[in-house]
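Chain by chain, the residues:
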Amino acid sequence: MLATDRGAGWNLMLSQPLVGACLAGALLNPGPQWELWALRIPIGVGVLLQLLLTDPALPAAQRPRDAATAGVIGVSVALLGLERLHPSLPVSTGGILWVVIGTITGLLVAIAGGWMDRSARAATASRLARADDLAREGRVASFEALFWGGVFRIFLRGAIWSAGATAVGVALSVAFLPHMALLVTGPRTGLLFAVIMGLALGAGWHTHVRARSSGVRWAAIGALTTLILLLRFRGGEP
Amino acid sequence: MTQAPSLRGADLAKVTSRSLYLQALFTSERQQGPGFAFALLPVIRRLYPGSEDRGRALGRHLGFFGTHPVLAGYVLGVAARLEERRAQGGPVDEDGIERAKRSLASPLAALGDPLFWVTLRPLAGLVGILGMAFLPPADPSGPDPRVLVCPLLALLTYNAVALPFRVAGVPRGYALADDPVTLLRSLKLAGWKQVLDRVGAFGYGTLAALVLAAMSGSVDPLGRGPAHVASVLAPFVLGAVGAAAGLKRWPGRGVEIALAALLLALIVSTRV
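Residues numbered from 1 in each chain as written. Chains lettered and ligands numbered in written order. Predicted model: local features only at pLDDT ≥ 70, side-chain atom pairs only at ≥ 80, totals over all residues. Heavy atoms only, no water.

This part covers the overall build of chain B. The helix and strand tally for chain B stands at 11 helices and 0 strands. In chain B, the order of α-helices and β-strands from amino to carboxyl end is α-α-α-α-α-α-α-α-α-α-α. Taking the principal axes of the C-alpha coordinates as reference, chain B spans close to 90 × 40 × 35 Å. Residue burial in chain B is summarised as follows: out of 272 residues, 53% are buried. Across chain B, every contact between residues at least 6 apart in sequence was considered, and the portion connecting residues at least 24 apart equals 74%. For chain B, the exposed surface amounts to about 12100 Å²; the carbon and sulfur share of it is 64%. Both charge centroids of chain B, one from 28 positive and one from 18 negative side chains, sit 2 Å from each other. (Helix = DSSP H or I, 4+ residues; strand = E, 2+ residues; numbered from the N terminus. Buried < 20%, exposed > 50% of the residue type's maximum accessible area, 1.4 Å probe, protein only. Contact = heavy atoms within 4.5 Å. Areas by Shrake-Rupley, 256 points an atom, 1.4 Å probe, with all protein chains shown as cover. Lys, Arg positive; Asp, Glu negative; His and termini not counted. Charge placed at Lys NZ, Arg CZ, Asp CG, Glu CD.)

What follows is about the side chain of B:His61. Take B:His61: it is sitting in the loop between helix H4 (51-60) and helix H5 (72-87). Excluding residues within four positions of it along the chain, B:His61 makes contact with B:Gly33, B:Phe36, B:Ala37, B:Leu40, B:Ala79, B:Glu83, B:Ile97 and B:Lys101.

A few words on the pattern of salt bridges. Inspection of the entire model under this criterion finds 19 salt bridges over all chains. With its nearest N and O atoms 2.7 Å apart, the salt bridge here joins A:Arg65 to B:Glu256. Here A:Arg65, found in the loop between helix H3 (35-52) and helix H4 (67-85), pairs with B:Glu256, found in helix H11 (residues 254-271), and the two come from separate chains. One salt bridge connects A:Glu137 with A:Arg139, and the closest N-O pair in it is separated by 2.9 Å. You can call A:Glu137 partly exposed: its relative accessible area is 45%. Taken together, the salt bridges that share partners define one network made up of B:Arg60, B:Glu83, B:Arg86 and B:Glu94. (Salt bridge = Lys/Arg side-chain N within 4 Å of Asp/Glu carboxyl O.)

Moving on to the state of the cysteines. Applying the stated criterion to the full structure yields 0 disulfides over all chains. Here A:Cys22 stays unpaired: no disulfide links it, and the sulfur of B:Cys150, its closest cysteine neighbor, is 6.1 Å away. In this structure A:Cys22 comes out as buried when scored by relative accessible area, which is 0%. (Disulfide = S-S within 2.5 Å.)

The next subject is the interface of chain B and chain A. Interface extent is often summarised as the accessible area lost during association of the parts. Across the contact, 93 residues belong to chain B and 88 residues belong to chain A. Together, the buried faces of chain B and chain A total about 8200 Å²; carbon and sulfur atoms form 73% of this surface. For the interface between chain B and chain A, the tally reads 5 salt bridges. Close ionic contact of A:Arg212 with B:Asp197 constitutes a salt bridge, the shortest N to O distance being 3.1 Å. Per-element tally for the side of chain B that touches chain A: the top contributor is helix H9 (residues 189-218) of chain B, with 15 residues. Of the residues contributing to the side of chain B that touches chain A, the split by class is 55 nonpolar, 20 polar and 18 charged. (Buried area = accessible area lost by both parts, 1.4 Å probe. Nonpolar A, V, L, I, M, F, W, Y, C, P; charged D, E, K, R; others polar.)

Take empty space enclosed by the protein next. With the rule as written, the count across this model stands at 1 cavity of 30 Å³ or more. As a volume, the largest cavity reaches approximately 30 Å³. In terms of lining residues, the largest cavity is bounded by A:Leu52, A:Leu199, A:Ala203, B:Ala243, B:Leu247, B:Gly254, B:Ile257 and B:Ala258. Of all the secondary structure elements, the ones that give two or more residues to the lining of the largest cavity are helix H7 (186-210) of chain A together with helix H10 (226-249) and H11 of chain B. Counting residues per element, the lining of the largest cavity draws most heavily on H11(B), at 3 residues. The class makeup of the residues in the lining of the largest cavity is 7 nonpolar, 1 polar and no charged. (1 Å grid on protein atoms, 1.4 Å probe; cavity = no way out; pocket = protein on both sides within 12 Å on 5 of 7 lines; lining within 4 Å. Points joined across faces, edges and corners; volume = space filled by probe spheres on them.)

Attention now goes to a nonpolar patch on the surface. Residues and elements named next belong to chain A. Taken together, Val168, Leu172, Phe176, Met180 and Leu183 make up a surface patch of nonpolar side chains, about 460 Å² in accessible area. Within the fold, Met180 resides in the loop between helix H6 (140-176) and H7. On the basis of relative accessible area, Met180 is assigned to the partly exposed category, the value being 36%. (Patch = residues over 30% accessible without salt bridge, like charges linked within 9 Å, V, L, I, M, F, W, Y side chains within 5 Å.)

So, on to unusual backbone geometry. All names here are of chain B. We note that Gln31 has phi near 50°; this positive angle belongs to a residue other than glycine. Structurally, Gln31 is set in the loop between helix H1 (9-18) and helix H2 (33-39). Take Gln31: its relative accessible area is 27%, and that puts it in the partly exposed class. The backbone of Lys188 sits at a positive phi, close to 55°, despite the residue not being glycine. With respect to the helices and strands, Lys188 occurs in the loop between helix H8 (180-187) and H9. Assessed through its relative accessible area of 59%, Lys188 is described here as exposed.

For the rest of this paragraph, the subject is the confidence of the model for chain B. Overall, the predicted model of chain B reaches an average pLDDT of 90, with 96% of residues at or above 70. Across the whole predicted complex the pTM is 0.89, and at the interface the ipTM reaches 0.88. (pLDDT = per-residue confidence, 0-100.)

We now examine the nonpolar core. The nonpolar side chains of soluble globular proteins are, as a tendency, buried together. By size, the foremost hydrophobic cluster in this structure holds 146 residues, and its most contacted members are A:Ile41, A:Trp98, A:Leu107, A:Phe143, B:Phe116, B:Tyr158 and B:Phe165. The element best represented in this core is helix H6 (residues 94-134) of chain B, accounting for 14 residues. Those residues in contact with B:Tyr158 that lie beyond four places of it in its chain are A:Asn11, A:Leu12, A:Met13, B:Val70, B:Phe116, B:Trp117, B:Leu120, B:Arg121 and B:Ala124. (Core = buried A, V, L, I, M, F, W, Y, C linked by side-chain atoms within 4.5 Å.)

So, about the packing of helix H5 (residues 96-136) of chain A against H7(A). Residues and elements named next belong to chain A. In contact at an axis separation of 9 Å, H5 and H7 are set at 50° when each is read in the N-to-C sense. The orientation of H5 relative to H7 falls into the category oblique. H5 and H7 meet at a crossing whose hand is left-handed. Mapping the contact onto sequence places Ile96, Leu97, Val99, Val100 and Thr103 in H5 and Thr189, Gly190, Leu192, Phe193 and Ile196 in H7. Per-class residue counts for the contact of H5 with H7 are 7 nonpolar, 3 polar and no charged. (Axes fitted to C-alpha atoms, helices over the stretch in contact; angles between N-to-C directions. Parallel < 35°, antiparallel > 145°, perpendicular 65-115°, else oblique. Left-handed = near helix turned anticlockwise from the far one by under 90°.)

All names here are of chain A. Counted at 1.5 Å a residue, the expected span for H4 with its 19 residues is 27 Å, and the 26 Å between its end C-alpha atoms agrees. Counting buried positions over the 19 residues of H4 gives 17, a clear majority of the element. With a side-chain oxygen lying 3.2 Å from the backbone nitrogen of Ala68, the N-terminal cap of H4 falls on Asp66. (Expected span 1.5 Å × (residues − 1). Polar contact = N/O pair within 3.5 Å; in protein donor to acceptor, adjacent residues only side chain to side chain.)

Structure, rendered in structure tokens:
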């Protein structure tokens, strides 16, 4: 559905990483003992991917990126990996290890999904010759069927891609991460998490402030207003 | 010869609902052309009884067409009106319909892309993120309702602005088909963009302040001193500065920059 939102033209915002990640988190059910993480990790992954994958350039100038399924696959790999690898990589430091893994997976998937989108569009071109023929023959209903077939293909491609990439991601995690258990320490995970947060905030600056008229002024007003409100209502305790 | 029937409100409503699939057969050569023809089919069916006429009408809309998908309804409305006149024997030729489509599609794309893709969509995502920052989890050890509230906030923000344009597009384009200048001016797209630009920058300032306030409270709970604070904050600050500087130098390469920075951080962490 998220792929259809982006590919077919619904454009209702469903295909944004924050929405996809949170929906995947709410729908995936790794078991009652993981319920807390199944709800918190998706928010972290979704927020970071939303900031990192938002490109303020006009669409024609953008590189092909599949932000629609990035959040879903990133969260699915994180939650299913968490469930399977818990004995060797226990949940620690608030689950940020899996937020880091989910975010990195989402970034990689966005690139691969963009390549796949490009090849899918090339395949669509061949169907247009058929559409021309149908119009010439006056077969409007057949054109309609051809078009609905295109919508269904987008849906199917998105579903297969999401399931396939998740399966590959989980398989790779299960195969490699246990061997790296000694390297996965709390401080190292914390360092990577801090870098990702910084990157996300820097990307947000680029999108929401640098690219806007009077952006710096309005960002400063927003920051000052928030700080004043924090001091006023929390008595200086953020 | 019997005159072609007039279009009904239900026909325009069907065009509106089909305009949601505008990009399903998107290609670089024709862009949204096939989707435009598909959306206009209820109109073509109403106006032309014979399969040959229908096929010819379908064929004229299958060529290149490109505009902003949220605003495509306005062009569909104009095309529906012109097709109606043509079917009823009015002085409208195929070139006239094509010219009207292109003269409206280009400015709508030029105004719509910066408003909806560049400004509103990132802003809606930001509102969802701010929802996470402002709403505390109901129970620190229990389910987190923010997983549903945050995406809902983003969806509501985006669609509160975009959906009215989508719903009103076809009927308004149909009504103002003879006056495209008034149609374009009535949308006030540049004004919307200016307001949303500022709201987005304000929201980012809010987010930055909330993040910094949260970090200042948790970075040194044991009071180990400035050196500890600096060591904790350094990766965060380096990441932020690196992303901002990298995106200025290589715009559109955010994913590559993020992955490169993470790889670098991983290497550094194994050496330190």
